[in-house]
Amino acid sequence: MEKIMSLALLLAFLGFWSVFVSGGQAAKQEAPYRIHTLFSVECQNYFDWQTVGLMRSFKKAQQPGPITRLLSCTDEEKKNYRGMHLAPTLQVPSMSRHPRTGDWYPAINKPVGIVHWLKHSKDAENVDWVVILDADMILRGPIIPWELGAEKGRPVAALYGYLIGCDNILAKLHTNHTDLCDKVGGLLAMHIDDLRALAPLWLSKTEEVREDRAHWATNITGDIYGQGWISEMYGYSFGAAEVGLQHRIDDNLMIYPGYTPREGVEPILLHYGLPFSVGNWSFSKLEHHEDDIVYDCGRLFPEPPYPREVRAMESDPNQRRALFLNLECINTINEGLLLQHAANGCPKPKWSKYLSFLKSKTFAELTRPKLLNHDSIKTEVIEQKQAVAEPERPHSKIHTIFSTECTPYFDWQTVGLVHSFHQSGQPGNITRLLSCTDEDLKQYKGHDLAPTHYVPSMSRHPLTGDWYPAINKPAAVLHWLNHAYIDAEFIVILDADMIMRGPITPWEFKAERGRPVSTPYDYLIGCDNELAELHTRNPDACDKVGGVIIMHIEDLRKFAMFWLHKTEEVRADTDHYARNITGDIYESGWISEMYGYSFGAAELNLRHIINREILIYPGYIPESGVKYRVFHYGLEFSVGNWSFDKANWRNIDVVNKCWVQFPEPPDPSTLDQTDQDILQRDLLSLECAKKLNEALQLHHKRRNCPDPSSLTKMVSDITDETVSSRKFGKINRIDTVRSNPVLTNHLEDSEDSSPPAVKDGLFSSLRFWVITMWAFCGMGFLAVMFVIFSGHKGKGTRSKSYRNKRRSSYTGFMDLNGRDRHLRSAELSL
């Protein structure tokens, strides 16, 4: 009996333990681990071959969870449709022809299909996350929403930058939350609760935008056909804005074949919506609109070149990688067709080299699932949130620096850059590297314009006597590294003549140790000719970059010395100043510092990630959808009859003269909106100019400048300065004054401003007291002089201790940024 009881207890314990374990496992496997993938099609051959390609890639990518094709068909189309077996399918009543308006718009079937699935599919009741794709896509790896940073209330999506209606009147007409309108589409990954809230609005907003024919124009929507064809995309963006969804936009997950991926980025989704080519071979989905290739046994799309042919065709690794993506896209579709033909009962095709390749281990290896580095993605999401929430946090891992000199020209640039830095959300601190001679410092007034590290000037080289102020940039960086306490992992280096528009972070632009990020300076042709061969042992590693630099601190510590030495070396090489060798239009060696950077980096084999989406020059036409982070106003730019050239303000003290600002740019509402490229270019130009004036206005307020309405005297000394001849030409003083009403009416130095008009009685009273005060001061002065002459014989000398005391006081005054003390007698550390 005891044995039976013991056995029963043991069995009961084991049963309890198994329930406990299985219950724990069930809890562990609960939401958010249930994913469902959806895509929308119609009953057409065009969508059938796309379905075959997507389904094949879905299986190869090992996407978790089921997939459902939302098939929109009319009753007539169903009678002749052959492809019901191509994918797990939910049939959806077609709304290609709108039942109320009669409008023919098949794209509306996508939100209709989503709404129908949510209402009628039991799968929708047993899912936590939904991934929504288009049929013309190829998966390269699993799309797992939470590992991409998706959260409830914060879906993940790809960027559709051409949806410019989020920035103009279209959004104002169709959503009450224009600030939440995101330019997204293509890939969507969201929580099921968000989709339930969004889907009805997605549909209703699509109908609303589609009926708004008055705003179908290309310059309003970005639709190149101007036919309202992308109304469904706006329906999504406006519907999401109404619900309050803000997307995490990841522009690295999806790529169009034919585009070159960012270096170091492995896209997991190919969207073949546009034509693409490899050598003489090309493919366009639109050429196969009525193609019944799915049902034509043994027929595939024309075979593309083989990988080995591409390797011989393209030497650039990243361009070659782009061509491999093109091959992968079409080869995956053809592989899917081959397998579908077999499933259709087609006879086994004859052997061919191409079929052998599609079945080979080589192809299987090339198309194995691409897994994202999920830990780095999570870290990136966390860091981005912190960058937005805590841009001023102490001891940041990013530090921004820029180099200037003790001149009014750099002072107003400093005001603009520092103001934009604080508005941009850039994490970490900013430091100005200020290169000045001792004489400059005695007269300098701009110590409080920015956190500053003082650097001995090398404008006049101490060994050669060469006058080259640009060398102060590498010299200042080296001095800062050797004399400042730096608690940062990455350094962002900018020029003073820049305006920040958003954060520049290493995690967003993929900077790593040994792999800095920079922007292209394509005119540095010396990287391609004898100049590089003369000045670096690794000419192949010479990158034509500059402007914005993101570099790991350890790389910078090794590199800074090379930057300075190579600058000196190129500057001394006067035999190779010619334009056809350097690209310098002045042939004066003025860009030696830029070559010093490129050649120094090449010596250490620092290969850059070159990003064209960080920086833009005002006056250049922007690439559609790109959110540039920096304006570099190094060149003259104009909008209509208004123009701005920084060189025209080289010798004008804009910062220390109350209420001085630059000529006011035109109002954006006055711009011609017929050409969208020109309009976007001009809007960016105006944004840059307005940001400079905004920074100056706030600066003058902080200086406690008097109310400009009380200033009545013209600032003749300011306006007279603008007629001086400069290297880049002249500016007419009268035109400058007339173009700027502030200069005309209010701008004057507050110290020189005339007192306001007063009444005669008050003036008489003031005159009496002024005369009395002068008399009193005169008597006091005589008394003081008598005491001095009677009590001191050593009238003409000052003691050594007194001189030392003044010098110590002066140096203490210069110690404005704590650790960065200006050492007047120190030589530059080399």
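If you're wondering where the values come from, they're calculated on a predicted model, not measured in any experiment. (Residues numbered from 1 in each chain as written. Predicted model: local features only at pLDDT ≥ 70, side-chain atom pairs only at ≥ 80, totals over all residues. Heavy atoms only, no water.)

Each helix and strand in the protein chain was counted, giving 27 helices and 24 strands. Across the 830 residues that make up the protein chain, the buried fraction comes to 51%. When contacts within the protein chain are restricted to residue pairs at least 6 apart in sequence, long-range pairs at least 24 apart make up 75% of them. (Helix = DSSP H or I, 4+ residues; strand = E, 2+ residues; numbered from the N terminus. Buried < 20%, exposed > 50% of the residue type's maximum accessible area, 1.4 Å probe, protein only. Contact = heavy atoms within 4.5 Å.)

What follows is about the sheet that holds strand S20 (residues 609-610). The pairing of strands in a sheet comes from backbone hydrogen bonds and takes either a parallel or an antiparallel form. Strand order in the open sheet formed by 7 strands is S15-S14-S13-S16-S19-S18-S20, and the pairing between neighbours is mixed. Bordering the open sheet on either side are strand S15 (452-456) and S20, each of which pairs with just one other strand. Sheet topology places strand S13 (residues 398-405) next to strand S16 (residues 490-495); 6 bridges connect them, and they run parallel. Each residue of the ladder has a partner; that of Ile 398, found in S16, is Phe 490. Lying on the sheet, helix H14 (residues 408-424) is in contact with S13, strand S14 (429-436) and S16; it crosses S13 at an angle near 165 degrees. Helix H16 (residues 472-483) rests against S13, S14, S15 and S16 of the sheet, and its axis sits at about 115 degrees to S15. (Pairing = 2+ DSSP bridges. Axes fitted to C-alpha atoms, helices over the stretch in contact; angles between N-to-C directions.)

For the rest of this paragraph, the subject is the pattern of salt bridges. If you walk through the whole model with that rule in mind, you get 37 salt bridges. Arg 140 is the partner of Glu 266 in a salt bridge, and the nearest nitrogen-oxygen pair spans 2.9 Å. One end of the pair, Glu 266, is in the loop between strand S9 (254-255) and strand S10 (269-271); the other, Arg 140, is in the loop between strand S5 (137-139) and strand S6 (156-159), and 126 residues separate them in sequence. A salt bridge links Arg 629 to Glu 508, with the shortest nitrogen-to-oxygen separation between them at 2.4 Å. Highlighted residues: Arg 629 in the loop between strand S21 (615-616) and strand S22 (630-632) and Glu 508 in helix H17 (residues 506-509), separated in sequence by 121 residues. The class of Glu 508 is partly exposed, set by a relative accessible area of 24%. Each of Asp 291, Asp 292, Asp 296 and Arg 299 takes part in salt bridges that share partners, so that together they form one network. (Salt bridge = Lys/Arg side-chain N within 4 Å of Asp/Glu carboxyl O.)

So, about the state of the cysteines. Under the counting rule described, the total for this entry stands at 6 disulfides. With its sulfur 2.0 Å from that of its partner, Cys 166 forms a disulfide with Cys 181. Taking the sign of the S-S torsion, -50 degrees for the link of Cys 166 and Cys 181, the bridge is left-handed. Of the two residues, Cys 166 sits in the loop between S6 and helix H5 (169-174) while Cys 181 sits in the loop between H5 and strand S7 (184-191), which places them 15 residues apart along the sequence. (Disulfide = S-S within 2.5 Å.)

With that settled, the discussion passes to the packing of helix H6 (residues 192-211) against helix H8 (residues 231-243). Any two packed helices are characterised by how steeply their axes cross, that is the angle between the axes, and by the distance between the axes. Running from N to C, H6 and H8 point in directions that differ by 130 degrees, and their axes come no closer than 7 Å. When the interaxial angle is binned, H6 and H8 end up oblique. Helix-helix and strand crossings are classified by hand; for H6 and H8 the assignment is right-handed. Contact residues: Ala 197, Leu 198, Leu 201, Trp 202, Lys 205, Thr 206, Val 209 and Arg 210 in H6; Ser 231, Glu 232, Tyr 234, Gly 235, Tyr 236, Phe 238, Gly 239, Ala 240, Glu 242 and Val 243 in H8. Grouping the constituent residues of the contact of H6 with H8 by class yields 10 nonpolar, 4 polar and 4 charged. (Parallel < 35°, antiparallel > 145°, perpendicular 65-115°, else oblique. Left-handed = near helix turned anticlockwise from the far one by under 90°. Nonpolar A, V, L, I, M, F, W, Y, C, P; charged D, E, K, R; others polar.)

What follows is about the nonpolar core. Ranked by size, the top nonpolar core spans 79 residues in total, and within it Trp 49, Leu 133, Ile 143, Ile 333 and Leu 337 carry the most contacts. Considering each element in turn, this core owes the most residues, 8 residues, to helix H10 (residues 317-343). Here Ile 143 is in contact with Ile 35, Gln 63, Val 131, Leu 133, Leu 148, Leu 187, Ile 268 and Leu 269, once residues within four sequence places are set aside. (Core = buried A, V, L, I, M, F, W, Y, C linked by side-chain atoms within 4.5 Å.)

Here we take up the packing of aromatic side chains. Under the criterion given, the structure shown has 33 aromatic pairs. When the centroid spacing of 5.2 Å and the interplanar angle of 75 degrees are considered together, the rings of Phe 283 and Phe 301 count as edge-to-face. Of this pair, Phe 283 sits in strand S12 (residues 281-283) while Phe 301 sits in the loop between S12 and helix H9 (307-313), and the two are 18 residues apart along the sequence. Residue Phe 301 is classed as buried on the basis of its relative accessible area, which comes to 3%. (Phe/Tyr/Trp six-rings, centres within 6.5 Å; stacked < 30°, edge-to-face > 60°.)

Here we take up the confidence of the model for the protein chain. This prediction gives the protein chain a mean pLDDT of 83; 78% of its residues lie at or above 70. Residue range residues 374-396 is modelled with pLDDT below 50. Its contacts to residues more than four positions away, or to other chains, number 31 contacts. Under a pLDDT of 50 for its full length, residues 712-766 has, in the predicted model, 79 contacts with residues more than four places off or in other chains. (pLDDT = per-residue confidence, 0-100.)

Bringing the sheet that holds strand S17 (residues 498-500) into the picture now. The sheet built from 3 strands is open, its strands ordered S17-S22-S21 with mixed pairing. The two strands at the open ends of the sheet, each matched to only one other strand, are S17 and S21.

In a regular helix each residue adds 1.5 Å, so 16 residues correspond to 22 Å; helix H2 (residues 45-60) covers 23 Å between its end C-alpha atoms and thus fits that length. Most of H2 sits out of view: 13 of its 16 residues are buried. Downstream of H2 by one or two residues, Gln 62 has phi in the positive range, about 60 degrees. (Expected span 1.5 Å × (residues − 1).)

Before going further, it helps to spend a moment on H10. With 27 residues, H10 should reach 39 Å at 1.5 Å per residue; the first-to-last C-alpha distance of 38 Å fits that figure. Backbone nitrogen of Asn 318 and a side-chain oxygen of the N-cap are separated by 3.1 Å at the start of H10; the cap is Asp 316. Where H10 terminates, the next one or two residues include Gly 345, which has phi positive at roughly 90 degrees. (Polar contact = N/O pair within 3.5 Å; in protein donor to acceptor, adjacent residues only side chain to side chain.)

Take the environment of Ile 614 next. Within the fold, Ile 614 resides in the loop between S20 and S21. A C-alpha to C-alpha distance of 9.3 Å links Ile 614 and Gly 502, two positions 112 residues apart in sequence. Each residue touching Ile 614, except ones within four places of it in the same chain, is listed here: Ile 504, Phe 509, Val 517, Thr 519, Val 548, Tyr 628, Arg 629 and Val 630.

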